[in-house]
Amino acid sequence: ARALTPQTAETDAIRFLVGTQSLRFDNQIHIIDFDDENNIINKNVLLHQVGEIWHISTSPADKGVLATCYNKTSDTKVMTCAAVWRMPKELESGSHESPDDSSSNTQTLELLCHLDNTAHGNMACVMWEPMGDGKKIISLADNNILLWDLQESSAKAVLSSSTALEGKGQLKFTSGRWSPHHNCTQIATANDTTVRGWDTRSMRQIYCIENAHGQLVRDLDFNPNKQYYLASCGDDCKVKFWDTRNVTEPVKTLEEHSHWVWNVRYNHSHDQLILTGSSDSRVILSNMVSISSEPFGHMVDDDELSDQEDQHQEEKIKEPLQDSVIATYEEHEDSVYAVEWSSADPWLFASLSYDGRLVINRVPRALKYHILL
């Protein structure tokens, strides 16, 4: 397995979706519900009858709708296609009831529409407009950026605009993220060693970080609270943090992994918490306070302090807090291809390795209280 996503529209129950990559069997989407009171994982399986799943993303507005990028073999050629699906009604929202015998109870995803990319090449990923009504999605296909409008309750996808990456050689996007800032009019894409920003209204490039990494850039994520901040990771084993207004140098670089870094994710509520997953089989949780939206800790009201505390506070305020690695998780035995924060619980995250192992972890309690109190 490589594909993992939280169910974005589900903010009450802790739920992740995993896509399988099997050559021999029908592929599936596993709906993973985590009951954190009893520490129980429940699973429901949906049949995805069209090939290995390389990428999954879920609608921010409709719990039942998701998109997948998958392989399709035709005339000895392998194409990566994308489609939008709906899960069965009774599975839409997170429930803690697991069917007694799940094997006899496999249900099938309902195909809503294909994102028809015959003219544009192989799909790398599908991104939903983050704050939207679930009607706008962007797909990256080879060197094309395609903006789609989903109509008729997502049963039809209309290509509303597109642009192509120009240049020499085989240009291919590896991944992209839609920024939650600037009224959702910007996306960032990765191709080869370059990170680019695009305006979705004009489909023009707005910034370009050439040689962002020494080797292929694998993944990107936007800081949810600071509008110009972006994280990238890649095959040079590094995670870098950028201010897109000044792209000559990264603001910070993390070098904790010993192999390709496949995934980087900002915590949605506390932007100093950064998750990374790598093919060194490790998941690393870092505390990047100095470049977060609260680099000096919480603001304290002057009225709350006595004179003596006042002086201590004065001294403390000038020093930014220190960045550090909080924890390294080594429960995986294979390459970790995906890490994701839960949409429902900001202190909980999942990681997925190629052998199909999904691990759910919590931010250490001491750190959680340190951030909150």
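Residues numbered from 1 in each chain as written. Predicted model: local features only at pLDDT ≥ 70, side-chain atom pairs only at ≥ 80, totals over all residues. Heavy atoms only, no water.

- Under an unreviewed UniProt entry, the name given to the chain is EIPR1 protein, and the source organism is Alaudala cheleensis.
- Under the UniProt heading Sequence similarities (unreviewed entry), the note attached to the chain is "Belongs to the WD repeat EIPR1 family." (UniProt positions renumbered as here; feature names shortened; annotations may be inferred.)

**Things to note about the overall build of the chain**
Then, in step 1: A count of helices and strands for the chain gives two helices and 28 strands.
Then, in step 2: Relative to the globule expectation of 21 Å for 373 residues, the C-alpha radius of gyration of the chain, 21 Å, shows essentially globular dimensions.
Then, in step 3: For the C-alpha atoms alone, the extent of the chain along its principal axes is close to 75 × 55 × 40 Å.
Then, in step 4: Put simply, the chain has 373 residues, and 53% of those count as buried.
Then, in step 5: Within the chain, contacts between residues at least 6 apart in sequence are counted, and of these 51% link residues at least 24 apart.
Then, in step 6: When the 32 positive and 55 negative side-chain charges of the chain are each reduced to one mean point, those points stand 7 Å apart. (Helix = DSSP H or I, 4+ residues; strand = E, 2+ residues; numbered from the N terminus. Rg over C-alpha atoms; globule rule 2.2 N^0.38 Å. Buried < 20%, exposed > 50% of the residue type's maximum accessible area, 1.4 Å probe, protein only. Contact = heavy atoms within 4.5 Å. Lys, Arg positive; Asp, Glu negative; His and termini not counted. Charge placed at Lys NZ, Arg CZ, Asp CG, Glu CD.)

**Let's talk about the UniProt feature "repeat: WD" (unreviewed entry) in the chain**
Then, in step 1: Here the UniProt feature "repeat: WD" (unreviewed entry) sits at residues 210–246.
Then, in step 2: Structurally, residues 210–246 comprises 0% helix and 46% strand, and the distance from its first C-alpha atom to its last is 12 Å.

**Points about the packing of aromatic side chains**
Then, in step 1: Applying the stated criterion across every chain, the model contains six aromatic pairs.
Then, in step 2: Taking the centre distance of 4.4 Å and the plane angle of 75 degrees together, the rings of Trp262 and Tyr337 count as edge-to-face. Here the residue Trp262 occupies a position in strand S22 (residues 261–266), and Tyr337 occupies one in strand S26 (residues 336–341), the gap between them amounting to 75 residues.
Then, in step 3: Judged by its relative accessible area of 14%, Tyr337 falls in the buried class. (Phe/Tyr/Trp six-rings, centres within 6.5 Å; stacked < 30°, edge-to-face > 60°.)

**Side note on the nonpolar core**
Then, in step 1: With 17 residues, the main nonpolar core has Val84, Leu115, Met123 and Ile137 as its most contacted residues.
Then, in step 2: Breaking this core down by element, the ones donating at least two residues are strand S6 (65–74), strand S7 (77–86), strand S9 (110–115), strand S10 (123–128), strand S11 (136–141) and strand S12 (144–151).
Then, in step 3: Setting aside residues up to four positions removed in sequence, Met123 forms contacts with Cys69, Thr80, Cys81, Ala82, Leu115, Asn117, Ser139, Leu140, Ala141, Leu146 and Trp148.
Then, in step 4: Core analysis: the second largest hydrophobic core is formed by 16 residues, Ile31, Ile56, Ala83 and Met87 among them. (Core = buried A, V, L, I, M, F, W, Y, C linked by side-chain atoms within 4.5 Å.)

**A short note on the pattern of salt bridges**
Then, in step 1: The full count for this structure, using the stated rule, is 15 salt bridges.
Then, in step 2: A salt bridge links Glu152 to Lys156; its shortest N-O distance comes to 3.9 Å.
Then, in step 3: Looking at Glu152, the relative accessible area reads 53%, which means it is exposed.
Then, in step 4: Owing to a relative accessible area of 38%, Lys156 belongs among the partly exposed residues under this scheme.
Then, in step 5: Asp221 is paired through a salt bridge with Arg177; the nearest N and O atoms lie 3.1 Å apart. Here Asp221, found in strand S18 (residues 217–222), pairs with Arg177, found in strand S14 (residues 173–178); they are 44 residues apart in sequence, far enough to count as distant.
Then, in step 6: Taking the relative accessible area as the measure of exposure, Asp221 reaches 7% and is therefore buried. (Salt bridge = Lys/Arg side-chain N within 4 Å of Asp/Glu carboxyl O.)

**Quick notes on the pairing of strand S5 (residues 53–58)**
Then, in step 1: In this sheet, S6 lies alongside S5 in antiparallel orientation, the contact comprising five bridges. Counterpart to Ile56 in the pairing with S6 is Thr68.
Then, in step 2: Turn length for the S5-S6 hairpin, with the two strands adjacent in sequence and antiparallel, is six residues. (Pairing = 2+ DSSP bridges.)

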